[in-house]
Amino acid sequence: NGYAGALNTVGADIAAEHGSFGAFLAAWPMEDQAGLLDLLAKRGSRLGGMTGQYLLRFLGRDSWITSRDMVACLRDAGVEVAAQPGSKRDFLAIQAQMNAWRAKTGLSFIHLSRICAMSVGENHASAPEEE
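Residues numbered from 1 in each chain as written. Predicted model: local features only at pLDDT ≥ 70, side-chain atom pairs only at ≥ 80, totals over all residues. Heavy atoms only, no water.

Enquirer: Report on the packing of helix H3 (residues 33–43) against helix H4 (residues 50–58), specifying residues and quantitative values.
Expert: Two packed helices can be described by the angle between their axes and the distance between those axes. In the contact formed by H3 and H4, the axes pass within 9 Å of each other and the chain directions differ by 115 degrees. Put simply, H3 runs roughly perpendicular to H4. For H3 against H4, the interelement crossing comes out right-handed. Residues Gln33, Leu36, Leu37 and Leu40 of H3 form the contact with H4, whose participating residues are Gly52, Gln53 and Leu56. Along the lines of polarity and charge, the residues of the contact of H3 with H4 split into 4 nonpolar, 3 polar and no charged. (Axes fitted to C-alpha atoms, helices over the stretch in contact; angles between N-to-C directions. Helix = DSSP H or I, 4+ residues; strand = E, 2+ residues; numbered from the N terminus. Parallel < 35°, antiparallel > 145°, perpendicular 65-115°, else oblique. Left-handed = near helix turned anticlockwise from the far one by under 90°. Contact = heavy atoms within 4.5 Å. Nonpolar A, V, L, I, M, F, W, Y, C, P; charged D, E, K, R; others polar.)

Enquirer: Account for the packing of helix H5 (residues 68–76) against helix H7 (residues 109–119), naming residues and giving values.
Expert: Taken N-terminus to C-terminus, the directions of H5 and H7 make an angle of 85 degrees; their axes are 7 Å apart at the nearest point. By the angle between their axes, H5 is roughly perpendicular relative to H7. Between H5, through Asp69, Met70, Cys73 and Leu74, and H7, the contact on the second element is made entirely by Ser113, Cys116 and Ala117. Split by residue class, the contact of H5 with H7 holds 5 nonpolar, 1 polar and 1 charged.

Enquirer: Describe the packing of aromatic side chains, with residues and values.
Expert: For the structure shown, the criterion picks out 3 aromatic pairs. For the ring pair Phe21 and Phe24, a centre distance of 5.7 Å and an interplane angle of 40 degrees mean the geometry is tilted. Note that Phe21 and Phe24 are positioned in helix H2 (residues 21–27) at a spacing of 3 residues, about one turn of the helix. Taken individually, Phe21 and Phe24 each receive the classification buried, so the pair is uniform in this respect. (Phe/Tyr/Trp six-rings, centres within 6.5 Å; stacked < 30°, edge-to-face > 60°. Buried < 20%, exposed > 50% of the residue type's maximum accessible area, 1.4 Å probe, protein only.)

Here you go:
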């Protein structure tokens, strides 16, 4: 599994510092996914970009993922981020909006991320079955 290899590079060091990687994740504030992604990118091998986001979701952490449609939704809502976010500034802007929506709705980051992604962009219908 690709996540296991990437996690091993950072997980052992963090586990030594915090008792376990799970304890480290549990203690990290939910309102600071941007900071967590920054740390994973700096300390882990291959955990920058989308990989860190997918790792958090794979591990079961309540997290957002900056898919193309989710970013289009954020931009439509007035959040100033690049079409392909990658900078610290972009992630802080995304985090601020996600925190605001979470506070207003009480929904998890996973739900908000998915609602956002399914609210804009093209809907691709499956091809009709051949008879």
